[in-house]
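So you can see what is in the structure, the chains are spelled out below.
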Amino acid sequence: MRRQLASYSSVLFSTFRSYVVPNQAAYTLKFVELFATEIEIPAKGGFSSREKVPFISFVLGGPGSGKGTQCAKIAHTFGFTHLSAGDLLRTEISSNSEKGAVILETIKQGKIVPSEVTVDLIRRAIESSKNHKFLIDGFPRSEENRIAFEKIMGAEPNFVLYFDCPEEEMVKRVLCRNEGRVDDNIDTLKKRLKIYESLNLPVINYYLAKGKVHKINAVGPEEEIFEQVRPIISSYEGACK
């Protein structure tokens, strides 16, 4: 186990190093030390401790695309558990832990939290739930995220919902929602949109080639958008029982 954790720490360090600016070696090492000792690699298959393999949908779209609102409707209507990658990270931040402080600083810099850290938060949420149907909202945001999820969890999503929304609409929505979130200011939003545009499309294209992507027009009233989503989720009801 010690050898496994040491090897995994090395991988985590090399992954995170690509996201930090020069002269932050000490900061990076601190991040790795905080997380590597607590991240466990699941048994092969990712979910060996559960009686039923989870049914997973990735829900993708830019900040302000409305994916969170639609996830809430899907969860209520179809009995899914909604896991927001952003909310899991913000919960860790709000816990006032040292780990949360490091995550906060990473987000303020407009950088991506290491994939292994986010995947571990998702894995723990799945393992602690009695449900077997999950919407994973806002993750993966990059090919590196996707590869880490599939490697650590030992599974691919059953399907992907992609909420397609013009940039000007996303900007308007985010700036108007005024939820007091640290990442809801214009400067950080611009950074997030640039990251989204450059990194998210390869993920969508990857799953599109596998026939797993359902593209939703995310402009319009919430109920009209949900009426596009409803028949898609209904078509999977038999598979996710």
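The structure reproduced in this document is the subject of the present report. Keep in mind the model is a prediction, meaning the values are calculated, not measured.

1. A look at the pattern of salt bridges
- In the structure shown here, the tally under the stated rule is twelve salt bridges.
- One salt bridge in this structure joins Arg90 and Asp87, with 2.9 Å as the shortest N-O distance. Linking Arg90 with Asp87, this pair stays in helix H4 (residues 85-94), spanning three residues, or about one helical turn.
- Residue classification places Arg90 among the partly exposed residues on the basis of a relative accessible area of 22%.
- Asp164 is the salt-bridge partner of Lys215, the closest N and O atoms lying 3.5 Å from each other. Highlighted residues: Lys215 in strand S5 (residues 213-217) and Asp164 in strand S4 (residues 159-164), separated in sequence by 51 residues.
- In this structure, a network of salt bridges that share partners links the residues Asp120, Arg123 and Arg124.

2. Overview of H4
- Turning to H4, its buried residues are Ala85, Gly86, Leu89 and Ile93. All buried residues of H4 lie within an arc of 100° about the axis, which places them on one face of the element. In H4, those exposed residues whose orientation departs by more than 90 degrees from the buried face are Thr91 and Ser94.
- Buried positions along H4 lie against strand S2 (81-84), helix H5 (98-108), helix H6 (115-127) and strand S3 (133-137).
- Following H4 by one or two positions, Asn96 adopts a phi angle in the positive range, close to 60°.

3. A word on the packing of aromatic side chains
- This model, assessed by the stated rule, comprises eight aromatic pairs.
- A ring pair is formed by Phe55 and Phe159, whose centres lie 6.0 Å apart and whose planes are at 50°; its orientation type is tilted. With Phe55 in strand S1 (residues 55-60) and Phe159 in strand S4, the pair connects residues that are 104 residues apart, well separated along the chain.
- Given a relative accessible area of 0%, Phe159 falls into the buried group.
- When the centroid spacing of 5.1 Å and the interplanar angle of 80° are considered together, the rings of Tyr206 and Tyr207 count as edge-to-face.
- Classification of Tyr207 as buried rests on a relative accessible area of 1%.

Conventions and cut-offs
Residues numbered from 1 in each chain as written. Predicted model: local features only at pLDDT ≥ 70, side-chain atom pairs only at ≥ 80, totals over all residues. Heavy atoms only, no water. Salt bridge = Lys/Arg side-chain N within 4 Å of Asp/Glu carboxyl O. Helix = DSSP H or I, 4+ residues; strand = E, 2+ residues; numbered from the N terminus. Buried < 20%, exposed > 50% of the residue type's maximum accessible area, 1.4 Å probe, protein only. Arc of directions from axis to C-beta. Contact = heavy atoms within 4.5 Å. Phe/Tyr/Trp six-rings, centres within 6.5 Å; stacked < 30°, edge-to-face > 60°.

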